[in-house]
Amino acid sequence: MSKLTKNQKLATGKIETGKVYTLKDASALVKEITLTKFDASVDIDVRLGVDPRKSNQMVRGVVSLPHGTGKVTRVLALCTPDKEAEAKDAGADYVGLDEYVDKIKGGWTDIDIIITMPSIMGKIGALGRILGPRGLMPNPKSGTVTNDIGQAVKEVKQGKIDFKVDRTGIVHSSIGKSSFEPEKIYENAKEFISTLLKLKPSAAKGTYLKSIYLSSTMSPGIKIDPKSVED
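Residues numbered from 1 in each chain as written. Predicted model: local features only at pLDDT ≥ 70, side-chain atom pairs only at ≥ 80, totals over all residues. Heavy atoms only, no water.

1. Some thoughts on helix H7 (residues 149-157)
Test applied: The classification of residues rests on relative accessible area computed with a 1.4 Å probe and restricted to protein chains. Under 20% of the type maximum is buried, over 50% is exposed, and intermediate values are partly exposed. We count a stretch as a helix when DSSP gives it H or I for four or more residues in a row; a strand needs E for two or more, and each element gets its number in order from the N terminus. Each direction from the helix axis to a C-beta atom contributes to the arc, which is the arc of those directions. Whether two residues are in contact is decided by their heavy atoms: any pair within 4.5 Å suffices.
Of all the residues in H7, the buried ones are Ile-149, Gly-150, Ala-152, Val-153 and Val-156. Each buried residue of H7 sits inside an arc of 165° when the element is viewed along its axis, so together they form one side. Looking at the buried residues of H7, the elements they touch are strand E3 (75-78), helix H3 (81-90), strand E5 (113-116) and strand E6 (160-164). Count one or two residues on from H7 and you reach Gly-159, which has phi positive near 120°.

Spelled out as structure tokens, the structure:
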């Protein structure tokens, strides 16, 4: 077992052993235990009482964080020529079609999200083996396949993110940066959890929010009382 570094000991010492925090208190504490020299991401992990192996218990959705993620999101808009100006005006970093399809086939994936149109999904389907494992494949359920290219790009740039439960029943997402004020971290986390609650599958029985942890890059996790966030 590796020894804790000085900073890790300092961070761990700020978390009371066995204590379960409210979301508001955790949002302030996560800043105190972040001792990195860079602006660390603030992450949330929620274990849900669902069985992701069953299609009627899959949890997937999108949420627009009120204060954004604090991260610069590189957006590729794969669209027809008549939509290119709309995508560029909305802030897309890369705009085009065939030339970028060819680049991706050659291994280029230096982007965070792809937004495209229903009419050209046929061309993009062939890229599934490259984009799928990297979580870059556009999907209508996440709002990344739409004819309203400009609006979709704008929402992503303003902090819209998509998420889905993994095979162990956990939803993980970055919801901000450690430089955010505690209130902004709290409001982003609250919006994320509220969205999860709205997406509760009718087939899910028993406790839905099993556990919630808030952490930042390289920090220990802060355990949150699920009751403190349920409306």
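2. Some points on the pattern of salt bridges
Rules: Here a salt bridge means any side-chain nitrogen of Lys or Arg lying within 4 Å of a carboxyl oxygen belonging to Asp or Glu.
Using the criterion set out here, one finds eight salt bridges in the structure. Taking the shortest distance from any N to any O, the salt bridge between Asp-51 and Arg-53 comes out at 3.0 Å. A salt bridge links Lys-123 to Asp-98; the shortest N-O distance between them is 2.8 Å. Of this pair, Lys-123 sits in helix H5 (residues 121-125) while Asp-98 sits in helix H4 (residues 98-105), and the two are 25 residues apart along the sequence. Residue Asp-98 is classed as partly exposed on the basis of its relative accessible area, which comes to 41%. Among the charged side chains, a network of salt bridges with common partners joins Lys-71, Arg-74, Asp-110 and Asp-112.

3. Notes on unusual backbone geometry
Residue Met-218 is not a glycine yet carries a positive backbone phi of 70°. With respect to the secondary-structure elements, Met-218 resides in the loop between strand E8 (209-216) and strand E9 (222-224). Given the relative accessible area of 65%, Met-218 is considered exposed.

4. Quick look at the packing of aromatic side chains
Stated precisely, the cut-off is as follows: Between 30 and 60 degrees the pair is tilted, below 30 it is stacked and above 60 it is edge-to-face, where a pair is any two Phe, Tyr or Trp rings, Trp via its six-membered ring, whose centres lie within 6.5 Å. Charges are assigned to positions over rings by a cutoff of 6 Å between ring centre and Lys NZ or Arg CZ, combined with an angular limit of 35 degrees from the ring normal.
For the coordinates displayed, the defined rule picks out four aromatic pairs. With centroids separated by 5.2 Å and ring planes inclined at 85°, the aromatic side chains of Tyr-94 and Trp-108 adopt a geometry described as edge-to-face. Taken together, the positions of Tyr-94 in strand E4 (residues 94-96) and Trp-108 in the loop between H4 and E5 put the pair 14 residues apart, joining distant regions of the chain. An aromatic cluster of three or more residues is present, and its members are Tyr-94, Tyr-100 and Trp-108. Here the basic side chain of Lys-24 rests over the ring of Tyr-186, its NZ or CZ set 4.6 Å away from the ring centre. A cation sits over an aromatic face here: Lys-103 above Trp-108, 4.2 Å from the ring centre.

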